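Each chain, letter by letter, is given below.
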Amino acid sequence: MPVRTLTIDGKPVSAVEGQTVLDAAQDAGITIPTLCHLDGVSDVGACRLCLVEVTGVSRLLPACVTKVTEGMEVRTESERLKRYRRMILELLFAERNHVCAVCVSNGRCELQNLAVAQGMDHVRFAYRFPPYEVDITHRMFGMDHNRCVLCSRCVRVCWFIEGAATKNVAGRGAGARIITDLSQPWGKSETCTSCGKCVQACPTGAKFHKGSTVAEMERDRSRLEFIVTAREKKQWIV
Amino acid sequence: MDRLTFATVWLGGCSGCHMSFLDLDEWLVDLADMVEVVYSPIVDRKEYPENVAVCLIEGAVANEDNLEQVKLIRARTRLLVSFGDCAVTGNVTAMRNPLRTAEPVLQRAYLDTANLRPRIPQARGIVPPLLDQVLPVHEVVPVDSFLPGCPPPADRIRTLLQDVIAGKGSLLSGENIRFG
Amino acid sequence: MDLADLLEIKEKELRTRKPIRLRCCLAAGCMSSNGQAVKDSLDKAVQEAGLADEVEVRGVGCMRLCCEGPLVAVDPAGILYQKVAPEDAASIVAALKGGETQVSRGDLNHPFFTKQMSIVLENSGEIDPERIESYIAADGYQALNDALVEMEPKEVIDAILKSGLRGRGGAGYPTGLKWATVAKMQSPKKYVICNADEGDPGAFMDRSVLESDPHRLLEGMAIAAYAVGADQGFIYVRAEYPLAISRLQTAIKQAKQHGLLGSGVLEAAFTFNVEIRIGAGAFVCGEETALMASIEGERGTPRPRPPFPAERGLYASPTLINNVETFANVPSIVRKGAEWFAGIGTEKSKGTKVFALAGKITNTGLIEVPMGTSLRTIVEEMGAGAPDGNQVKAVQTGGPSGGCVPASELDTPVDYESLQQLGSIMGSGGMIVMDQTTNMVDVARFFMDFCMDESCGKCIPCRAGTVQLHALLDRILRRQATARDLGLLEELCDLVKHTSLCGLGQTAPNPVLSTLRFFRNEYLELLQPEIGAPAGPGNAPKPDANPTR
Ligand SMILES: Cc1cc2nc3c(=O)[nH]c(=O)nc-3n(C[C@H](O)[C@H](O)[C@H](O)COP(=O)(O)O)c2cc1C
Ligand code: SF4
Ligand code: SF4
Ligand code: SF4
Ligand code: SF4
Ligand code: FES
Ligand code: FES
């Protein structure tokens, strides 16, 4: 496979053709913030947290879907990028109802971690406080729409790893929401196999194991990783 | 040495942030040497004084009294610190906001669940009316510094106060800004 | 069907033409004010007057001055009747023979008409859009024949390149380059898509082309398909255009019957089929990747580009996607030559542009002008300024993605670059005129409201950012905002513009930015003083000096 040499934040990095900037950065130990990216499922470039600057390109490019090219100069840490990331996080916190103090994911949440990493100590936008419901009709799992960031990770694992196609996005704009089947209570779903992959994939406290209380929701990504590795590399993690 | 005038205020919050403040334990004694506590729930003073250097404000703006107070405090304070998640985000206090008005909350608390004489308390001047929407402090007045946490751990409070007193700035970073 | 057959149809059509012709507008504008009844009663009046051998009543497409509709034109007398009612039919017919009529007449020597230049609309208002013969009589399908018989695909692309034609769907990408990219792709299957989603509020240029001259679009698409090597086309048109859809369906059927679509088009070894896909009215489905997802039956949401549709488009095949007006220019370019086309317009913007003139302006309707015509000519001369003696304050172009050009800049020529320099865009052709009674912050909020509603919700900056932008504008208008909010508004515009996934979000802040640029005072006047002076660094997330000392 042809090798491509590029620099990320001034550091020379070599990558394989076809790799994304995000892959290359990860291999080189450089952290680029992500939210909608999940190893093993296709990328959608939706959260925009992974935007980077590339010399010679006037637009910002999402690292998760941008392929490396020879001689590419990537910057991941400019003041401008930091400002944008922080603001994107502020928008997310203001969008729905994040009350970390009473959240199952408190202390283990990717959104909360991102806020810490990006220095977001408060939200300057007016909180929207939309009325959202909690679906606890499923025997094992719950879905709290108040904490959903619409990253669609649950949808993609459900379609492309489990193959159940139970989860989907309905509505548009601020009214977009995750649905089960044709917008039914999760517990009524005839397609859900109760595999729990969507719960493992969720970055926030939106999807949880029933019975977990504040700060108790632990996720085990190794199960997803197991399947993805088996599929892509034909290796079985033991 | 001139001590900084220091205040703490308790608005729409559970007082947990103040409890955490008390968890500073013996450092409180050191603090007492560095600041002069001019106003606080733990100090017997009726009116918020002029020219306060630093004020920690716990709780969200939840009722009309909070609203008036926070404006007065802003005008009389040089460094205003949102103290705890309720002040910074609205947090638990603001969990009624998706209901849009205060009415359903009062209904539930004082009518639906009351055993004796169900009635919504109304006493102007004594019981301040609730605002329809609970607001974080900085949505009402400009805030200079944010001290999140529910409650903020004592050492986080200490870090901020030490920095402020030492003139090293008033903004926290890293794990010290984690909500929850 | 070959050239000889085409010429024969044309000749027959011209031969059987009656000496006097009444052209009745049957496009949506006039249809909505009873145009069909006007045509029916004219038909009847002609019969009753015993003039059926002499007088032909022809349903045609849009005659431009839609605000005065229903319109009826008389050939060869050169009369334009406006606001015609069905009851007027008898007197109009009588007037053909020296009688009197009270029906008001439009001034065909008004700049509204004389400053127009028709390429895209050359047949609009002239031919009967429901009869292929009518189009063929106007030299229709000859360009396709020229291309298939006399030109290699590469020559067609070269002609489009040389003509300087740029996409009329908004962004102005050079059409020839796009065609060349698709042509270069090696693939057993390629598609041509016509974007007829036309979602900008106030825009109706594409609709008029579809209703007035549908065969022109089919011909343009067929030439494109030949040039890039595609055999399947789709027209994606919004469900709100039922008349356009039905005329397209008729046109496709007729073209197939005449061997102008299908296999062996014009007896050449070229196959091209066209299908219509109807959109459910989401603005974002006009964005090319969302549009293709919608055709495939997926949720209509954009995806990151690259890969561009030209490389990987519909059903993962190379796909050419152009706007209605872009395709509609193609037959004329092929027929009249690239040099002819390149001779019209400005250095970088060639040809004409159709605008839907609306808002606070006397003459609303459809205009087609050479690129480079000044906004002043369009608004003050052709549009005859604001009605009721009001002053024109600004001109909005580009719809929710565009900006407001202030009256002081009316001498700006309309071309892609000049409008962009003023923070607006050419857009697809909506042009909304505002007078001094318009509050510009309100205008900005109106467009933000639109974008907020139409955001697909996929990416965060657009989904949540437009909501917050709208809330900030609302707060300013309610006189509850401070300078802090204005700062936040500007910061957020910057974010949404530079980080959104697709053009909807990337351009959503434009109406705010351009009104801030030219009408900042209107924002400042609404601001309130901040409560209590901030002692420290306010809300900036940077380390600060100690404000307590
Ligand atoms: C939100 C959005 C809406 C759009 N709507 C339309 C539309 O209604 N019609 C159109 O032709 N192009 C529209 N476009 C532009 C298309 O994505 C595409 O660029 C265009 O169809 C290409 O054709 P052209 O090169 O002929 O202009 C839209 C773009 C965006 C971002
Ligand atoms: S999902 Fe994350 S950010 Fe949201 S409330 Fe839970 S812990 Fe906080
Ligand atoms: S549990 Fe499995 S099948 Fe059910 S919704 Fe989640 S991912 Fe899909
Ligand atoms: S439920 Fe979780 S995984 Fe699914 S979209 Fe919401 S935040 Fe993402
Ligand atoms: S910019 Fe708006 S419309 Fe475009 S993908 Fe993002 S959310 Fe959807
Ligand atoms: S991780 Fe790349 S856009 Fe979300
Ligand atoms: S619709 Fe009749 S003139 Fe335009």
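Rules and cut-offs
Residues numbered from 1 in each chain as written. Chains lettered and ligands numbered in written order. Predicted model: local features only at pLDDT ≥ 70, side-chain atom pairs only at ≥ 80, totals over all residues. Heavy atoms only, no water. Helix = DSSP H or I, 4+ residues; strand = E, 2+ residues; numbered from the N terminus. Expected span 1.5 Å × (residues − 1). Buried < 20%, exposed > 50% of the residue type's maximum accessible area, 1.4 Å probe, protein only. Near = heavy atom within 4 Å. Polar contact = N/O pair within 3.5 Å; in protein donor to acceptor, adjacent residues only side chain to side chain. Areas by Shrake-Rupley, 256 points an atom, 1.4 Å probe, with all protein chains shown as cover. Core = buried A, V, L, I, M, F, W, Y, C linked by side-chain atoms within 4.5 Å. Contact = heavy atoms within 4.5 Å. Domains from an automatic or database assignment. Buried area = accessible area lost by both parts, 1.4 Å probe. Salt bridge = Lys/Arg side-chain N within 4 Å of Asp/Glu carboxyl O. Nonpolar A, V, L, I, M, F, W, Y, C, P; charged D, E, K, R; others polar.

### Here's the deal with helix H18 (residues 440-454) of chain C
(1) Moving on: If you check H18 of chain C, its first and last C-alpha atoms are 21 Å apart, about what 15 residues at 1.5 Å a residue would give, namely 21 Å.
(2) Moving on: If you check which residues of H18 of chain C are buried, you get Met 440, Val 441, Val 443, Ala 444, Phe 447, Met 448, Phe 450, Cys 451, Met 452 and Glu 454 of chain C.

### Looking at the site of ligand 1
Residue and element names in this part refer to chain C.
(1) Moving on: Neighbouring ligand 1 are 18 residues, the closest being Gly 169, Lys 178, Asn 322, Asn 323 and Thr 326.
(2) Moving on: Backbone polar atom of Glu 198 to an oxygen atom of ligand 1: 2.9 Å apart, as the coordinates give it.
(3) Moving on: Between an oxygen atom of ligand 1 and a main-chain N or O atom of Gly 199, the distance comes to 3.4 Å.
(4) Moving on: Burial of ligand 1 by the protein amounts to 89% of the accessible area it has alone, namely 610 Å².
(5) Moving on: Taken together, the elements giving at least two residues each to the shell around ligand 1 come down to strand E8 (319-323) and helix H21 (503-507).

### Observations concerning the nonpolar core
Inside soluble globular proteins, nonpolar side chains tend to come together where they are buried.
(1) Moving on: Of all hydrophobic cores here, the largest spans 107 residues; its most connected members are Tyr 141 and Trp 179 of chain C.
(2) Moving on: A per-element tally of this core places helix H11 (residues 214-228) of chain C first, with 10 residues.
(3) Moving on: Contact partners of Trp 179 of chain C, with chain neighbours within four places excluded, come to Val 156, Ile 157, Ile 160, Ile 223, Ala 224, Ala 227, Val 228, Leu 320, Asn 322, Phe 327 and Val 330 of chain C.
(4) Moving on: Counting 78 residues, the second-largest nonpolar core is a separate cluster that includes Cys 109 and Val 149 of chain A together with Val 88 and Leu 131 of chain B.

### Overview of the domain arrangement of chain C
Residues and elements named next belong to chain C.
(1) Moving on: On domain assignment, one finds that chain C holds domain 1 (18-108), domain 2 (139-342), domain 3 (352-433) and domain 4 (441-524).
(2) Moving on: If you look at the interface, domain 1 gives 5 residues, while domain 3 gives 5 residues.
(3) Moving on: Across the interface of domain 1 and domain 3, roughly 390 Å² is buried in total on both sides, 58% from carbon and sulfur atoms.
(4) Moving on: When the buried area of domain 1 at its contact with domain 3 is split by residue, Arg 64, Leu 65 and Cys 67 rank highest and sum to 77% of it.
(5) Moving on: Our enumeration of links across domain 1 and domain 3 arrives at 0 salt bridges.
(6) Moving on: There are 2 residue pairs in polar contact (both at pLDDT 80 or more) connecting domain 1 and domain 3.
(7) Moving on: Considering only residue class, the side of domain 1 that touches domain 3 consists of 4 nonpolar, no polar and 1 charged.

### Comments concerning the interface of chain A and chain B
(1) Moving on: Of the residues lining the interface, 25 residues belong to chain A; the matching set on chain B comes to 24 residues.
(2) Moving on: Both sides of the chain A and chain B interface together cover about 1,800 Å² of buried area, and 65% of this is carbon and sulfur.
(3) Moving on: Interface area lost by chain A to chain B is led by Val 116, Asp 121 and Phe 129 of chain A, which between them contribute 36%.
(4) Moving on: For the pair chain A and chain B, the number of links is 6 residue pairs in polar contact (both at pLDDT 80 or more).
(5) Moving on: The dominant element in the side of chain A that touches chain B, judged by the number of residues it contributes, is helix H3 (residues 110-117) of chain A, at 4 residues.
(6) Moving on: The class makeup of the residues in the side of chain A that touches chain B is 15 nonpolar, 7 polar and 3 charged.

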